Amino acid sequence: MRWSPWRTALSQAWQEALDALWPRRCRLCGAAAEDDLACGRHRLPSAPAGPRCARCAAPVASFLPDGSVCPACRHRPPPWERATVLGDYRSQPVLREWILPLKHGGRRDLAEVLGRALAHRIPEARLPAPDSTPGEQRTLLVPVPLHPWRRLERGHDQARLLALALSLASGIPFQALLRRTRDTPPQGEPWAPPRARNVRDAFTLAHGPWKALGNALSPPPLAGRTVLLVDDVITSGTTAAACTKCLLRAGAERVELLALARAGA
Ligand SMILES: [Zn+2]
Ligand SMILES: [Zn+2]
């Protein structure tokens, strides 16, 4: 369009004027920001360091191409199809600096920044077509839920906030479809049973109002759809496996994981 260079120049001038009046601040620490999100010290990674397994996002040998499948996944494939993360919880410690205040420090505002950053990692094939309506979209964002008691204790559910931010940034619809029926003690506590047994039956589908009105009134929301299961950190993968099996049983075509970080081997 003939006037687009003028519009670009005008928008740049407007941004410069705004920056002069209100300098951009790091959303985590408040220092002068290098971009519209973070200072140099808190710049979020755009991808994990080094090649990763396509199925579980664990590091693979440095000579292998990114997206190779690790020996553990070849031996025993997880129920989900692929895992995408922003980075590594241990080797990229800046992620911890963002995740811990979101999870335990009441900084729910950070979910928007982290969701925007993670949205860039969503595979292109999962993004909605530009002219599609929400009803036509085959991909759905579903958060791993906290137990209601834990959400009450914490004041918010970080995976749910993250899924909402991802939905706003990507245009993929969001539905909190899973419910945690059993509160599981934090891992590492002496009374915590082995994790797999701990979470195996802890999730169910949170039925919407159509359940009470009769299933005929609304088609199952998951049939034929790809679910992007959202969590803050993937650790052993047993929670994600329990959620994935629940979604597949409910008719989802495939499940892929989307998380801020991968921790553990
Ligand atoms: Zn900062
Ligand atoms: Zn793997």
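Before reading on, note that the structure itself is shown above.
Residues numbered from 1 in each chain as written. Chains lettered and ligands numbered in written order. Predicted model: local features only at pLDDT ≥ 70, side-chain atom pairs only at ≥ 80, totals over all residues. Heavy atoms only, no water.

K.L.:
Sorry, what's going on with the coordination of the zinc ion (ligand 1) here?
P.N.:
In ideal tetrahedral geometry, four donors around a metal make angles of 109.5 degrees, whereas ideal octahedral geometry with six donors gives angles of 90 or 180 degrees. Bound to the zinc ion (ligand 1) on the protein side are Cys26 (SG), Cys29 (SG), Cys39 (SG) and His42 (ND1), at distances that span 2.1 to 2.4 Å. Given four donor atoms and angles of 100 to 116° at the metal, the environment of the zinc ion (ligand 1) is assigned as tetrahedral. Taken in chain order, the donor set of the zinc ion (ligand 1) reads C-x2-C-x9-C-x2-H. Its relative accessible area of 43% is what places cysteine 29 among the partly exposed residues. (Donors = N, O, S within 2.8 Å, 3.2 Å for Na, K, Ca; no water. Tetrahedral: all angles 85-135°; square planar, octahedral: opposite > 155°, others 65-115°. Buried < 20%, exposed > 50% of the residue type's maximum accessible area, 1.4 Å probe, protein only.)

K.L.:
Whenever I open this one, the coordination of the zinc ion (ligand 2) confuses me. Can you help?
P.N.:
Taken together, Cys53 (SG), Cys56 (SG), Cys70 (SG) and Cys73 (SG) make up the full set of protein donors to the zinc ion (ligand 2), lying 2.3 Å away. Taken together, the four donor atoms coordinating the zinc ion (ligand 2) and their angles of 105 to 113° define a geometry best described as tetrahedral. Along the chain, the residues donating to the zinc ion (ligand 2) fall in the pattern C-x2-C-x13-C-x2-C. One end of the pair, cysteine 56, is in the loop between helix 1 (4–21) and helix 2 (71–75); the other, cysteine 73, is in helix 2, with 17 residues separating them in the sequence. Note on accessibility: cysteine 56 and cysteine 73 belong to one class, buried. (Helix = DSSP H or I, 4+ residues; strand = E, 2+ residues; numbered from the N terminus.)

K.L.:
I would appreciate a short explanation of the packing of helix 3 (residues 94–104) against helix 4 (residues 110–119) in the present structure.
P.N.:
For any two helices packed against each other, one specifies the inter-axial angle together with the distance between the axes. At a minimum axis separation of 10 Å, helix 3 and helix 4 run at an interaxial angle of 135°. Considered as vectors, helix 3 and helix 4 are oriented oblique to each other. Regarding helix 3 and helix 4, the two cross each other, and that crossing is left-handed. Residue-level contacts link Trp98, Pro101 and Leu102 of helix 3 to Leu110, Ala111, Val113 and Leu114 of helix 4. The residue inventory of the contact of helix 3 with helix 4, partitioned by class, reads seven nonpolar, no polar and no charged. (Axes fitted to C-alpha atoms, helices over the stretch in contact; angles between N-to-C directions. Parallel < 35°, antiparallel > 145°, perpendicular 65-115°, else oblique. Left-handed = near helix turned anticlockwise from the far one by under 90°. Contact = heavy atoms within 4.5 Å. Nonpolar A, V, L, I, M, F, W, Y, C, P; charged D, E, K, R; others polar.)

K.L.:
Any chance you could explain the environment of glutamate 256 here in plain terms?
P.N.:
Inspection of the secondary structure puts glutamate 256 in strand 6 (residues 254–262). Sequence spacing of glutamate 256 and alanine 240 is 16 residues, and the spatial spacing of their C-alpha atoms is 9.7 Å. Look past the residues within four positions of glutamate 256 in its chain and what remains in contact with it is Glu81, Arg82, Pro123, Arg126, Thr226, Val227, Leu228 and Leu229.

Functional significance is not addressed by these values, which are geometric in nature.
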